[in-house]
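Single-letter residue listing:
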Amino acid sequence: MRIGFGYDVHRLVEGRDLIVGGVRIPHERGLLGHSDADVLVHAIMDSILGALALGDIGKHFPDTDPEYKDISSIILLERVFKLMKEQGYEIGNIDATVAAQRPKLALYIDEIRANIAKVLETELENINIKATTTEELGFVGRKEGISSYCVCLLKKFSPGQ
């Protein structure tokens, strides 16, 4: 088994869609980034890559490469999943937290979990997503950005899989 940790943060700006966990969330601002800036999926990818000792998403999908401009982070997660399978691992579980003062994300958690579970070819019970505020403290509390933290447990394929 291997454990990985991921963290990501993006600034909130006008003129961008807000995408979290592959779900478009209605909000007056979205996250700034080279890709769709899906802060949750970026943290999940970094946790998986970390568990595999394969670096981070910047190494695999550099923001200087035009191929990744405005790309869906779900597509990038599919590529990380392929790397994970090639290394002989599957998801044990994922536990992630999104820190956002606004908007409230509770209504979207089930859809987000389903998106992640589908891409990672795992049971829904293996994906836990939480949302919290920072009680109006820091850049998240000032509504300047959103951050996400993730830990994952990867396990070797069972014999016969």
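Above this text sits the structure in question.
These numbers were taken from a predicted model, which means no experiment stands behind them. (Residues numbered from 1 in each chain as written. Predicted model: local features only at pLDDT ≥ 70, side-chain atom pairs only at ≥ 80, totals over all residues. Heavy atoms only, no water.)

A.B. asks: Sorry, what's going on with the environment of Glu135 here?
C.D. replies: By secondary structure assignment, the location of Glu135 is in the loop between β6 (127-132) and α5 (138-141). On a C-alpha basis, the gap between Glu135 and Gly4 in space is 27 Å, while along the polypeptide they are 131 residues apart. (Helix = DSSP H or I, 4+ residues; strand = E, 2+ residues; numbered from the N terminus.)

A.B. asks: Looking at this structure, how should I read the side chain of Ser47?
C.D. replies: For Ser47, the position within the fold is in helix α1 (residues 39-51). Other than its neighbours up to four places away in sequence, Ser47 contacts Gly4, Phe5, Gly6, Cys150, Val151 and Cys152. (Contact = heavy atoms within 4.5 Å.)

A.B. asks: Is there a simple way to think about the sheet that holds strand β5 (residues 89-99) in this case?
C.D. replies: Strand pairing in a sheet relies on backbone hydrogen bonds. The paired strands run either parallel or antiparallel. Strand order in the open sheet made by the five strands is β4-β1-β7-β5-β6, with mixed pairing throughout. Strand pairing shows two members of the sheet lacking a second neighbour, β4 (30-31) and β6, which therefore form its edges. Sheet analysis places β5 next to β6, joined by six bridges and oriented parallel. What sits directly across from Val98, in β6, is Ala131. Packed onto the sheet, α1 meets β1 (2-13), β4, β5, β6 and β7 (145-156) and runs at close to 155 degrees relative to β1. (Pairing = 2+ DSSP bridges. Axes fitted to C-alpha atoms, helices over the stretch in contact; angles between N-to-C directions.)

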